[in-house]
Amino acid sequence: MPTLNAFYAQSGGVTSVINASAAGVIETARRHADRIGTVYAGRNGILGALAEDLIDTGLESAEAIAALRTTPAGAFGSCRYKLKSLEKNRREYERLIEVFKAHGIGYFFYNGGGDSADTCFKVSQLSQSMGYALQAIHVPKTIDNDLPLTDCCPGFGSVAKYVAVSTLEASLDVRSMAATSTKVFVLEVMGRHAGWIAAAGGLAADHGIPVVILFPEIPFDQPAFLARVDALVKHHGYCTVVVSEGAHHPDGSFLAEQGSKDAFGHAQLGGAAPVVAQMVKEALGYKFHWAVADYLQRSARHIASATDARQAYELGQRAVELALEGKNSVMPTIERTSDTPYAYRIGSAPLDQVANAEKFMPRDYISPDGYGISDKGRAYLLPLIQGEDYPAYRDGLPVYVTLQNHPVEKKLPAFEIAK
């Protein structure tokens, strides 16, 4: 078998464990130097391939690559850039193949969510139609946990742990002051169409916290919601509301829609917490505070789930193994085999069944009243937040690695990237 180079890129919103997947890819490729030459990384995701702005990861020390396992964010840079369909913008896909040809790349590892799976699938299709041998493997990553055919997605377990811990800690704070101060705390978390992250806040209820969860899967009923909050405050003296950014009215309009679009064409969200808090103030008169977890929830490597960090690495590792086994246009997956004790195996799924598909919270994971999690939901979530995988600390702060990211000499003419 000839030795071919590999290309790896990170896509979309980064997570606290996406670099663990990068380490899994790079370290596994290095163990197979007879089959895989250099692993090139795209600077700022797929834009690095289009601009032929490649990074030579072979110049990074083994210690630096190993340190990626406990370093948050994207070590090579990421981007929100969705390639249009082959029919609308074939030139960009052909450019990718040209860059891969110029640098002897036969393996394509794309680390991202649903839109990235779509890009990976299309690149695999085009390479076949052009007669270019390329094995395209998607490495799953999304804090939203909404990729199909996998039990969970790397990045989610750590966000779930952060949200569960933050809900618990903030609620204890509110409880301490509720007699004379704040009675309702509202925490807004990510999750456009799926309420997996918001559900994690429900784990605080196991510690006696009165929690109301607003899921995207359950249309927002304002009178019922206000009645629920009022009842909890009257009984407990306070309550916490965890609202997904994707919570919406029965007509489908988001509580937090800003009227603008992001780079993937999705409605720009943000602001559900103040909307909900103001409702409570106007209708019930309770003093409130609100917070938006925003980037904090996905960057908090200091409190990452050990389960999540381990799975992120294993899926990067398995992506390379699948490529070496001759697989193409697939994604490694987590297949849960037991809740208690928690057990799983690594499987794989075809990309044509993953791309542009979403996995929502099953209704039976949500409590009958629609404002909490059920026993099944709890059984699903708890294993994913287990264990702590702390980074090393120095002078009171975590020690994170910054790679040298040496550029690779360009071989092709400049390419104009579509706006």
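Note that the coordinates shown come from a computational prediction; the quantities given were computed from them, not determined experimentally.

**Q** Hey, could you run me through the nonpolar core in this one?
**A** Of all hydrophobic cores here, the largest spans 43 residues; its most connected members are Phe-156, Val-189, Ile-197 and Tyr-380. Going through the elements one at a time, helix H6 (156-177), strand E6 (184-189), helix H7 (196-201), strand E7 (211-214) and helix H12 (375-381) are the ones with two or more residues in this core. Look past the residues within four positions of Tyr-380 in its chain and what remains in contact with it is Asn-145, Asp-151, Cys-152, Phe-156, Trp-196, Arg-336, Lys-359 and Tyr-365.

**Q** Is there a simple way to explain the confidence of the model for the chain in this structure?
**A** Low-confidence regions, as indicated by low pLDDT, have predicted coordinates that should not be scrutinised in detail. Confidence along the chain averages 94 in pLDDT terms, with 96% of residues attaining 70 or more. Per-residue pLDDT stays below 50 along residues 259-264; that stretch engages in 14 contacts with residues further than four places along the chain or on separate chains.

**Q** Could you clarify how one ought to interpret the packing of aromatic side chains in this entry?
**A** Think of a pair of aromatic rings as described by two things: how far the centres are apart, and how the planes are tilted against each other in angle. On inspection of all chains with the given rule, the structure shows 11 aromatic pairs. Between Phe-7 and Phe-100, the aromatic rings sit 5.4 Å apart at their centres with planes inclined by 45°, giving tilted as the arrangement. In this pair, Phe-7 sits in strand E1 (residues 4-10) while Phe-100 sits in helix H4 (residues 90-102), placing the two residues 93 residues apart along the sequence. Each of the two residues, Phe-7 as well as Phe-100, counts as buried. Here the aromatic rings of Phe-220 and Phe-225 are separated by 5.4 Å at their centres, their planes lie at 55°, and the arrangement is tilted. Classification of Phe-220 as buried rests on a relative accessible area of 6%. Assessed through its relative accessible area of 0%, Phe-225 is described here as buried. Ring-pair connections join several aromatic residues into one group, and the members of that group are Phe-7, Phe-100, Phe-108 and Tyr-110. In this arrangement the basic side chain of Arg-69 is found over the ring face of Tyr-313, its NZ or CZ atom lying 3.8 Å from the centre.

**Q** For this particular structure, what's the right way to read the side chain of Gln-10?
**A** You can see Gln-10 is positioned in strand E1. Under the relative-accessibility criterion, Gln-10 is labelled buried at 0%. Of the polar contacts made by the side chain of Gln-10, one reaches the backbone nitrogen of Ala-75; its length is 3.4 Å. Excluding residues within four positions of it along the chain, Gln-10 makes contact with Ile-18, Asn-19, Ala-22, Gly-45, Gly-74, Ala-75, Phe-76, Gly-77, Ser-78, Cys-79 and Asn-111.

**Q** How should unusual backbone geometry be read in this particular structure?
**A** For residues besides glycine, phi is generally negative; the peptide bonds are generally trans as well. Geometrically, the link from Thr-340 to Pro-341 is a cis peptide bond, its omega value of -5° lying close to zero. Mapping Pro-341 onto the fold places it in the loop between strand E10 (330-338) and strand E11 (343-350). The phi torsion at Asn-44 lies on the positive side, around 60°, for a residue other than glycine. You can see Asn-44 is positioned in the loop between strand E2 (36-42) and helix H2 (46-50). Backbone geometry at Asn-145 places phi at a positive 60°, although glycine is not the residue there. Residue position: Asn-145 is located in the loop between strand E5 (135-140) and H6. Classification of Asn-145 by relative accessible area gives buried; the value is 0%.

Definitions and limits used
Residue numbers restart at each chain and count upward from 1, following the sequence in its written direction. Given that the model is predicted, a residue must reach a pLDDT of at least 70 before its local features are reported, and side-chain atom pairs must reach 80 or more before they are shown or counted; all residues, however, enter totals for whole chains, interfaces and linings. For the side-chain quantities, the full set of heavy atoms in the structure was used; hydrogens and water were omitted. Here the nonpolar core consists of buried residues drawn from Ala, Val, Leu, Ile, Met, Phe, Trp, Tyr and Cys, with membership extended through side-chain atoms lying within 4.5 Å. In this scheme, a residue with accessible area under 20% of its type's maximum is buried, one over 50% is exposed, and one in between is partly exposed, where area comes from a 1.4 Å probe on protein chains only. Secondary structure elements follow DSSP: runs of H or I no shorter than four residues count as helices, runs of E no shorter than two count as strands, and numbering proceeds from the N terminus. Residue contacts are defined here by distance: any two heavy atoms, one from each residue, within 4.5 Å place the two residues in contact. Confidence scores per residue from the predictor, reported as pLDDT, run from 0 to 100. Stacked, edge-to-face and tilted are the three classes for Phe, Tyr and Trp ring pairs, Trp counted by its six-membered ring, which pair at centre distances within 6.5 Å; planes under 30 degrees apart are stacked, over 60 edge-to-face, the rest tilted. Whether a charge lies above a ring is judged from NZ of Lys or CZ of Arg, which has to be within 6 Å of the ring centre and within 35 degrees of the ring normal. Counted as a polar contact is a pair of N or O atoms within 3.5 Å, where, for protein atoms, one must be capable of donating a hydrogen and the other of accepting one, and residues adjacent in sequence contribute only when both atoms are in side chains.

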